[in-house]
Amino acid sequence: MIREGDKVLLIDRRGKRYLVTVSDREFHTDLGILKLGELIGKPYGSSITSHKGEEFRVIKPDINDIIAKMRRGPQIIHPKDAGIIIAYAGISPGDTVIEAGVGSGALTIFLANIVGPSGRVISYEIREDHAEIARKNVELAGFSDRVTIKLKDIYEGIDEERADHIVLDLPQPENVLPHAVEVLRPGGYFVAYTPCANQVHRFFQAFQEYREYFYRPRVVEVLVREQEIKKECMRPKTTMLAHTGYITFIRKL
Ligand code: SAM
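In this text the structure is predicted, and so the values were computed from the model without any measurement. (Residues numbered from 1 in each chain as written. Predicted model: local features only at pLDDT ≥ 70, side-chain atom pairs only at ≥ 80, totals over all residues. Heavy atoms only, no water.)

The next subject is the packing of aromatic side chains. The tally for this structure, following the rule as stated, stands at 10 aromatic pairs. With 5.4 Å between their ring centres and 50 degrees between their planes, Tyr88 and Phe249 make a pair best called tilted. A residue pair is termed long-range when its members are at least 10 positions apart, and Tyr88 in helix α2 (residues 79-89) and Phe249 in strand β15 (residues 246-252) qualify at 161 residues. When the centroid spacing of 5.6 Å and the interplanar angle of 80 degrees are considered together, the rings of Phe204 and Phe207 count as edge-to-face. (Phe/Tyr/Trp six-rings, centres within 6.5 Å; stacked < 30°, edge-to-face > 60°. Helix = DSSP H or I, 4+ residues; strand = E, 2+ residues; numbered from the N terminus.)

Below is the structure:
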């Protein structure tokens with residue numbers, strides 16, 4: 001049942017999505033005005049009609065809806081990359097993950113979703129404005145209970161004594177290697193997302209000094225080729241997101 005204060009996703013006949021908080025108020029769209037209070041007590045999957053007679057279907061938003069609608073600061077991690085980070089590092093419910101930088105908080109939201117209410121995501125960020133955007137986005141996703149955003153340069157050190165995994169999206173992940181050696185549990189993953197090949201090269205040059213502490217270095221790039229589905233024909237879309245970043249995994253011994 002939909003309750004007052006719930007966040008819901010409205011979908012109009014064109015497929016346009018609106019993320020709204022339910023309360024006794026009006027919501028204006030180009031297809032007419034909706035009285036959101038009418039949703040209270042209705043089940044998800046039902047619909048609401050605007051004053052112009054336009055029907056909007058109502059569903060519960062998931063984290064992808066939240067991330068699509070949230071405020072952006074710096075470039076966010078794409079879901080295809082977040083997915084492989086979580087899968088290859090085996091990030092699980094109850095884990096403690098240290099993350100940096102938090103940026104807009106998209107990866108933070110994916111991580112908070114997977115660690116669940118018994119897990120923790122501790123996110124380091126050097127820019128106050130980015131930390132503020134991320135804090136609001138994490139709150140919008142409903143994960144403030146398990147996420148801590150710290151205004152601190154992670155290159156200078158990690159305050160926590162132990163972490164299951166460290167996940168980085170910042171320019172020089174190699175600067176975090178000495179701290180990772182101290183806090184990562186055996187079997188935990190160090191993951192670095194970097195857009196450029198020279199960053200990966202620089203990382204592995206620095207890694208030589210730390211290789212006795214880790215095993216199975218692995219670098220992947222994820223390509224997703226979406227298909228166009230028409231009545232008579234399915235074929236790859238003519239454009240695709242060709243490159244986002246390289247993802248480096250090393251596992252603590
Ligand atoms: N992964 C984020 C997301 O999905 O929204 C985006 C991260 S953004 C590309 C990189 C962030 O790292 C920036 O906000 C930047 O301020 C932060 N950063 C850079 N160096 C840092 C450092 N040494 N310690 C903490 N944060 C850092």
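On to the site of the ligand. Near the ligand there are 23 residues, and of these Ile77, Glu125, His130, Asp153 and Asp169 occur at the shortest range. Here Leu107 contributes a backbone N or O atom positioned 3.1 Å from an oxygen atom of the ligand. Protein contacts shield 90% of the accessible area of the ligand, which totals 610 Å² for the unbound molecule. Among the elements of the structure, α3 (106-115) and β8 (120-125) are those that each provide at least two residues to the shell around the ligand. (Near = heavy atom within 4 Å. Polar contact = N/O pair within 3.5 Å; in protein donor to acceptor, adjacent residues only side chain to side chain. Areas by Shrake-Rupley, 256 points an atom, 1.4 Å probe, with all protein chains shown as cover.)

What follows is about the pattern of salt bridges. The full count for this structure, using the stated rule, is 19 salt bridges. Between Asp159 and Lys152 there is a salt bridge, with the nearest N and O atoms lying 2.6 Å from each other. Arg235 is the partner of Glu228 in a salt bridge, and the nearest nitrogen-oxygen pair spans 3.9 Å. Overall, Glu228 belongs to the partly exposed group, its relative accessible area being 22%. By relative accessible area, which is 38% here, Arg235 ends up partly exposed. The network of salt bridges with common partners includes Lys150, Lys152, Asp159 and Glu160. (Salt bridge = Lys/Arg side-chain N within 4 Å of Asp/Glu carboxyl O. Buried < 20%, exposed > 50% of the residue type's maximum accessible area, 1.4 Å probe, protein only.)

Everything listed here is a matter of coordinates, which is why it stays silent on function.
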